[in-house]
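A look at the structure
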Amino acid sequence: MILADKIIDLRKKNGWSQEELASQLGVSRQSVSKWESAASIPDLDKIIRLSKIFGVSTDYLLKDSMEPEDEEADTGSAFDEEPVRSVSLEEAHAYLNILQASAGKIALGVSLCILSPAALILLGGLSDYEGGYMIPEAIALGVGMPLLFILIAIAVSLFIFFGKRLEPYDYLEKEPIELSYGVEGVVKKQKEQYESVHSMTLVVGVALCITSIIPLFIGGALDEEGMLPVIGLDLGLILAALGVFFLVRTCIRFGGFERLLEEGDYSRAHKLEEKRNDAIDTVYWCIVTAVYLGWSFYTMEWHRTWIIWPCAGVLFGAVRGISSLIRKN
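Residues numbered from 1 in each chain as written. Predicted model: local features only at pLDDT ≥ 70, side-chain atom pairs only at ≥ 80, totals over all residues. Heavy atoms only, no water.

Okay, the packing of helix H10 (residues 183–211) against helix H12 (residues 228–261) next. Viewed as axis vectors pointing N to C, H10 and H12 meet at an angle of 160 degrees, and their least axial separation amounts to 8 Å. Accordingly, the angle class assigned to the pair H10 and H12 is roughly antiparallel. As for how H10 packs across H12, the hand of that crossing is left-handed. When its residues are assigned to classes, the contact of H10 with H12 shows 18 nonpolar, seven polar and five charged. (Axes fitted to C-alpha atoms, helices over the stretch in contact; angles between N-to-C directions. Helix = DSSP H or I, 4+ residues; strand = E, 2+ residues; numbered from the N terminus. Parallel < 35°, antiparallel > 145°, perpendicular 65-115°, else oblique. Left-handed = near helix turned anticlockwise from the far one by under 90°. Nonpolar A, V, L, I, M, F, W, Y, C, P; charged D, E, K, R; others polar.)

Moving on, we come to the packing of aromatic side chains. Aromatic ring pairs: the centre-centre distance and the angle between the two ring planes describe each pair. Going through the model one piece at a time under the given rule, you end up with ten aromatic pairs. Taking 5.8 Å as the distance between ring centres and 65 degrees as the angle between the ring planes, the aromatic pair formed by phenylalanine 245 and phenylalanine 246 counts as edge-to-face. For phenylalanine 246, a relative accessible area of 21% puts it in the partly exposed group. Ring centres 5.3 Å apart and planes at 45 degrees place the aromatic pair tryptophan 285 and phenylalanine 316 in the tilted group. Here phenylalanine 316 lies in helix H15 (residues 308–328) and tryptophan 285 lies in helix H13 (residues 268–299), a separation of 31 residues in the sequence. A relative accessible area of 29% places tryptophan 285 in the partly exposed class. (Phe/Tyr/Trp six-rings, centres within 6.5 Å; stacked < 30°, edge-to-face > 60°. Buried < 20%, exposed > 50% of the residue type's maximum accessible area, 1.4 Å probe, protein only.)

Attention shifts here to the pattern of salt bridges. For the structure on display, the rule yields six salt bridges. For the salt bridge of arginine 29 with glutamate 19, the shortest nitrogen-to-oxygen distance reads 3.8 Å. Of the two residues, arginine 29 sits in helix H3 (residues 29–36) while glutamate 19 sits in helix H2 (residues 18–25), which places them ten residues apart along the sequence. For arginine 29, a relative accessible area of 31% puts it in the partly exposed group. Taking relative accessible area as the criterion, glutamate 19 reaches 46% and is therefore assigned partly exposed. Where arginine 259 meets glutamate 173, a salt bridge forms, and the shortest distance between an N and an O atom there is 3.1 Å. Here the residue arginine 259 occupies a position in helix H12, and glutamate 173 occupies one in helix H9 (residues 171–174), the gap between them amounting to 86 residues. (Salt bridge = Lys/Arg side-chain N within 4 Å of Asp/Glu carboxyl O.)

Listed below in structure tokens is the structure:
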């Protein structure tokens, strides 16, 4: 139970309205309303006064997982000796607001990367089509390639601009943090409110990605030699881009809550593991890049050498697993 819920519960147990509680504290009813909705947190002096009015300890009010019957059993907690960075409510709110504003733009950039070859594919299909819509190959390349690079340029610009806005909060992914009193409860409540939206968005995004292959199959089945397979491929790219947009946007927003709460991939143990893997990751991807460039320039078969990237991605998981196993042993 978070601080906001405890204030509501204790106020109702005493049979007080928000106005009556506000009168005893010397604050406005709006202040009590904000506390109970987790929109703000009482000052320390107000916490002390609340504990006296309700007849509970300040530990009970401030510790989210503590219940009244646990007060006497609580003997304190062990503190991590590793230095941690404190995060205030204002900083947490600022981060979540920036992340919410940036998530859609970053997701749009990823979708534009997926859509970038769509025009080139369509124009290339028209240049090879002999059913009356044929256009010169030079025009297809002359129009399709610039469109491809324009979309990629827009996507990269979005990544750089909004990545810079989030840069001051990089420490949330790499350093151990400690939320100021009451902040954890506020963040948890916001996370709980968003979880249902997150789950539904994941379902929609995954469904769109899976069904994106259907237009290509239908086009190939109906008109194997004509334009329908090309149109089906473009429709598939649009569906995939839309699905990825939903997935990336919701995962970025949900990841913000996990970073602040140090959950999932952002737990302290995982952060420490990532720090230990930094050197291995750098060496591994430098070797992969060197092999790719060397193989490609030696054979000049760039249309085949790209296969090294998906293989390297799969192998990377094995390298990470082996390094973790060696450290544990």
